[in-house]
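For reference, the chains in residue letters:
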Protein chains: 2
Amino acid sequence: MNEHFSPVPLEKAYRLINHGPTVLVSARHGGVDNVMAAAWNAGLDFSPPKLTVVIDKITRTRALVEASGLFAVQIPTVALAALTRAVGTTSLADQPDKLQRAGVECFAVDGFDLPFVAGCAAWMACRVIPEPHNQATYDLFIGEVMGAWADDRVFRDGHWQFETAGPEWRSLHHIAGGHFYAIGAALDAETAS
Amino acid sequence: MNEHFSPVPLEKAYRLINHGPTVLVSARHGGVDNVMAAAWNAGLDFSPPKLTVVIDKITRTRALVEASGLFAVQIPTVALAALTRAVGTTSLADQPDKLQRAGVECFAVDGFDLPFVAGCAAWMACRVIPEPHNQATYDLFIGEVMGAWADDRVFRDGHWQFETAGPEWRSLHHIAGGHFYAIGAALDAETAS
């Protein structure tokens with residue numbers, strides 16, 4: 001990655017998804033890489049940081065995650081909206097060249113045998129905390145965040161910088177079909193009490 | 001509620017939280033009502049609609065949810081930012097008048113013994129799908145959505161109308177402390193393939 005790829009302290013990693021962005025989930029096993037989109041993700045714990053993500057049985061990514069016990073969660077941006085839509089609507093099972101067609105470029109991070117999607121705003125390397133009942137019944141996976149990084153043009157000093165980064169850096173928030181919202185204006189709320 | 005309180009078809013209910021808003025969770029038991037804020041929520045299934053939400057053991061709401069087996073999830077707006085921050089930073093255990101101090105007004109919906117927070121953009125009545133291991137280990141609750149409603153000034157015809165509603169209707173997306181983002185601009189993504 002480029003010089004903007006910066007580590008995020010693990011105790012701040014929850015902030016990468018606390019505002020509810022749609023994420024890309026990537027995984028690798030047996031020489032196969034895949035990437036999918038997932039709106040149904042959420043924080044689960046601060047320290048060690050954990051998160052939940054729903055990975056449907058129909059996805060090819062699911063098998064890679066279950067086989068490897070690892071997955072990456074990354075936060076795509078407005079600049080990657082078409083890519084996000086593409087990886088969320090096509091399957092590697094039908095399109096062996098899915099990632100190339102969608103314009104996905106992956107990069108490596110030392111110490112993690114995972115494909116990381118270039119151009120995202122932030123990345124987390126996760127290990128699966130096995131919960132077979134949740135996985136089988138709800139397609140619900142729990143991951144512990146083992147490493148976190150961000151592009152320092154949009155997240156630095158433990159905070160998102162959407163206010164000053166260009167609009168192409170805003171996170172994506174999926175509704176349905178091809179319809180998304182970008183994250184918007186910052187506001188600081190004082191308590192009413 | 002007023003004339004803008006409108007039912008949302010259950011098969012569209014997932015769209016109320018698909019974009020990752022911070023929500024208010026409310027519950028009632030034994031004559032006690034409470035409301036808390038929860039950024040860690042996500043969709044879990046389309047039909048019947050299910051969702052996940054993390055409800056910490058430290059919260060007073062947790063005991064009400066576990067005792068009643070019910071909770072409401074509602075989507076606060078920019079206009080309710082101070083209220084959202086207040087209910088997320090104070091406890092009924094310390095402040096018996098927490099809701100009044102935070103400016104929370106509740107209303108009733110026929111058929112659901114739950115307090116619903118007035119002024120929100122949308123509401124869901126949920127029953128707990130008991131998963132004692134998840135609840136005890138991760139503070140993670142699974143709810144099935146039994147009823148869904150929205151204010152038709154900001155959600156109608158199965159879609160959010162943030163583009164045309166006033167800025168005070170935008171959903172809130174919490175980062176940390178008093179820092180939130182409002183949801184932003186709409187974009188429609190065509191696939192790259």
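Above: the structure in question.
Residues numbered from 1 in each chain as written. Chains lettered and ligands numbered in written order. Predicted model: local features only at pLDDT ≥ 70, side-chain atom pairs only at ≥ 80, totals over all residues. Heavy atoms only, no water.

Colleague: Kindly report on the overall build of chain A, identifying the contributing residues and their values.
Modeller: For chain A, the count of helices and strands is four helices and 14 strands. Since a compact globule built from 193 residues should have a radius of gyration of about 16 Å, the 16 Å found for chain A is in line with a globular shape. Counting only C-alpha atoms and orienting by the principal axes, one finds that chain A spans roughly 50 × 35 × 35 Å. Going through the 193 residues of chain A one by one, you find that 60% of them count as buried. Taking the contacts inside chain A whose residues are at least 6 apart along the sequence as the reference set, 66% of them involve residues at least 24 apart. Summed over all atoms, the accessible surface of chain A reaches about 7200 Å², with 52% contributed by carbon and sulfur. Taking the average location of the 14 positive side-chain charges in chain A and that of its 21 negative ones, the two points are 4 Å from each other. (Helix = DSSP H or I, 4+ residues; strand = E, 2+ residues; numbered from the N terminus. Rg over C-alpha atoms; globule rule 2.2 N^0.38 Å. Buried < 20%, exposed > 50% of the residue type's maximum accessible area, 1.4 Å probe, protein only. Contact = heavy atoms within 4.5 Å. Areas by Shrake-Rupley, 256 points an atom, 1.4 Å probe, with all protein chains shown as cover. Lys, Arg positive; Asp, Glu negative; His and termini not counted. Charge placed at Lys NZ, Arg CZ, Asp CG, Glu CD.)

Colleague: How would you sum up the interface of chain A and chain B? Please name residues and give values.
Modeller: The interface is formed by 57 residues belonging to chain A together with 57 residues belonging to chain B. Together, the buried faces of chain A and chain B total about 4700 Å²; carbon and sulfur atoms form 61% of this surface. Across the chain A-chain B interface, the total number found is zero salt bridges. For the interface between chain A and chain B, the tally reads 31 residue pairs in polar contact (both at pLDDT 80 or more). (Buried area = accessible area lost by both parts, 1.4 Å probe. Salt bridge = Lys/Arg side-chain N within 4 Å of Asp/Glu carboxyl O. Polar contact = N/O pair within 3.5 Å; in protein donor to acceptor, adjacent residues only side chain to side chain.)

Colleague: How would you summarise the sheet that holds strand 13 (residues 172–176) of chain B if you had to cite specific residues and measurements?
Modeller: Pairing is antiparallel in the open sheet, where four strands are placed in the order 13(A)-14(A)-14(B)-13(B). The outermost strands of the open sheet, each flanked by one partner alone, are strand 13 (172–176) of chain A together with strand 13 of chain B. Going across the sheet, the axis of each strand differs from the next one's by a mean of 40°, ignoring polarity. Bridge count between strand 14 (residues 179–188) of chain A and strand 14 (residues 179–188) of chain B: seven bridges; the pairing is antiparallel. Note on strand 14 of chain B: the bridge partner recorded for Ala-186 of chain A is Tyr-181 of chain B. (Pairing = 2+ DSSP bridges. Axes fitted to C-alpha atoms, helices over the stretch in contact; angles between N-to-C directions.)

Colleague: Account for the relation of the copies chain A and chain B, naming residues and giving values.
Modeller: The transformation that overlays chain A on chain B combines an axial shift of 0.0 Å with a rotation of 180°, and the residual RMSD is 0.0 Å. Here the copies are linked by what is in effect a two-fold axis. Here 100% of the contact residues of chain A are again contact residues in chain B; the copies associate through an equivalent surface. (Least-squares fit on C-alpha atoms with pLDDT ≥ 70 in both.)

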